[in-house]
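# Summary of the model geometry
Listed below are the residues making up each chain.
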Amino acid sequence: MRLAAVGDVGVDVYENLGVIHVGGISVNLALSGVELGVDELYLYSALGDDFGDFVAAAVATTPIRFRARRLAGACSTQHLVVHPDGNREFTGYFPNVLGDWRLTAEELAELATMDVICAPVSDGLYPVAEQVIPLETKALKAIDFSEDGEWWGPEYFERFAPRLGIAFFGVKTGVPPSVPDLARRHPEKVFIVTEGPLGSIAFHGDLAVRQAPRPTTVVDTCGCGDAFQAGFIIEWLRSTDLERAPAA
């Protein structure tokens, strides 16, 4: 399997701990792919000239093939606080150089050779998603629609649903009514709503599968949604079992 993660790679600034780690939706997903035994992993993003060397050096210690373009400015930066119970509070996100980043024709051509393409639609990455989602390819496209932009809503989902294989919807409260309707009208595709501490619900045609969170000792919940997506995508491709994929 050749899997490409396209999007956010930068730094997480833990304000109350005084530390900085490599972070971002796409690098988190790619690292989970390493743990799950994906044969070839590619990561596409842009790095700034502040922490770019730090991020690139960290990714270089993994098997991931990093297609990182350097741009003048700061890396994407997520500020957060980790509370004593392990839950994290996001206090500010800055896409920085990602706002100016676009995929080149050569990068799009390489993406078209993949088996799976994963990309988020989120703050600063909307233009790149507009490049990835319409791309003519046989690859399964797994797109994460984050509820953080004016574009969020059924008209946008409807426009791109025919070109997706899997769609994730991270929501704060409740399942958007348009999602189960999309699943019924596109029965060959999978639509997953993640609800944080409430778990997830996956829709495939008329089938809906609820997955409750597993009991665990929480250390830091940052990146757990990205790991969930990686597990779901890879298990779905291996088994096409809607009961097993959310629990992977």
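Up top you'll find the structure we're talking about.
This part is about the sheet that holds strand S3 (residues 19-23). In spatial order, the strands read S3-S2-S6-S7; together these four strands make up an open sheet with mixed pairing. With partners counted over all chains shown, the strands left at the sheet margins are S3 and strand S7 (88-94), one partner each. Neighbour-to-neighbour, the strand axes of the sheet open up by a mean angle of 25°, direction not taken into account. Judged from the six bridges that link them, strand S6 (residues 76-82) and S7 form a sheet pairing that is antiparallel. Considered in S7, the bridge of glutamine 78 is made with tyrosine 93. Each of strand S2 (10-14) and S3 is contacted by helix H2 (residues 52-60), which is oriented at about 60° to S3, the strand it contacts most.

The subject of this paragraph is the side chain of lysine 189. Structurally, the position occupied by lysine 189 is in the loop between helix H6 (178-185) and strand S11 (190-194). At a separation of 3.2 Å, a polar atom in the side chain of lysine 189 contacts the main-chain carbonyl oxygen of proline 162. Within the structure, lysine 189 has its side chain in polar contact with the backbone oxygen of leucine 164 (distance 2.7 Å). Contact partners of lysine 189, with chain neighbours within four places excluded, come to Ala161, Pro162, Leu164, Gly165, Phe203 and His204.

In this section: the packing of aromatic side chains. In the structure shown here, the tally under the stated rule is eight aromatic pairs. Seen in terms of ring centroids, phenylalanine 51 and phenylalanine 54 are 6.5 Å apart; in terms of plane orientation they differ by 70°. Their pairing is edge-to-face. Aromatic pair phenylalanine 169 and phenylalanine 191: ring centres 6.4 Å apart, planes at 20°, arrangement stacked. Residue phenylalanine 169 is found in strand S10 (residues 166-170), and its partner phenylalanine 191 is found in strand S11; the two are separated by 22 residues along the sequence. When sorted by exposure, phenylalanine 169 lands in the same class as phenylalanine 191, which is buried. An aromatic cluster is defined as three or more aromatic residues linked by ring pairs; in this entry it consists of Phe145, Phe157, Phe169 and Phe191.

Turning next to the pattern of salt bridges. Applying the stated rule across the entire model yields twelve salt bridges. Arginine 69 is paired through a salt bridge with glutamate 107; the nearest N and O atoms lie 2.8 Å apart. Pair noted here: arginine 69 is in strand S5 (residues 65-70) and glutamate 107 is in helix H3 (residues 105-111), with a separation of 38 residues, a long-range link. The class for arginine 69 is partly exposed, based on a relative accessible area of 24%. Under the relative-accessibility criterion, glutamate 107 is labelled buried at 13%. One salt bridge connects lysine 189 with glutamate 188, and the closest N-O pair in it is separated by 3.6 Å. Each of the salt bridges in this network shares a partner with another, and the network as a whole consists of Arg2, Glu40 and Arg65.

Calculation rules
- Residues numbered from 1 in each chain as written.
- Predicted model: local features only at pLDDT ≥ 70, side-chain atom pairs only at ≥ 80, totals over all residues.
- Heavy atoms only, no water.
- Pairing = 2+ DSSP bridges.
- Helix = DSSP H or I, 4+ residues; strand = E, 2+ residues; numbered from the N terminus.
- Axes fitted to C-alpha atoms, helices over the stretch in contact; angles between N-to-C directions.
- Contact = heavy atoms within 4.5 Å.
- Polar contact = N/O pair within 3.5 Å; in protein donor to acceptor, adjacent residues only side chain to side chain.
- Phe/Tyr/Trp six-rings, centres within 6.5 Å; stacked < 30°, edge-to-face > 60°.
- Buried < 20%, exposed > 50% of the residue type's maximum accessible area, 1.4 Å probe, protein only.
- Salt bridge = Lys/Arg side-chain N within 4 Å of Asp/Glu carboxyl O.

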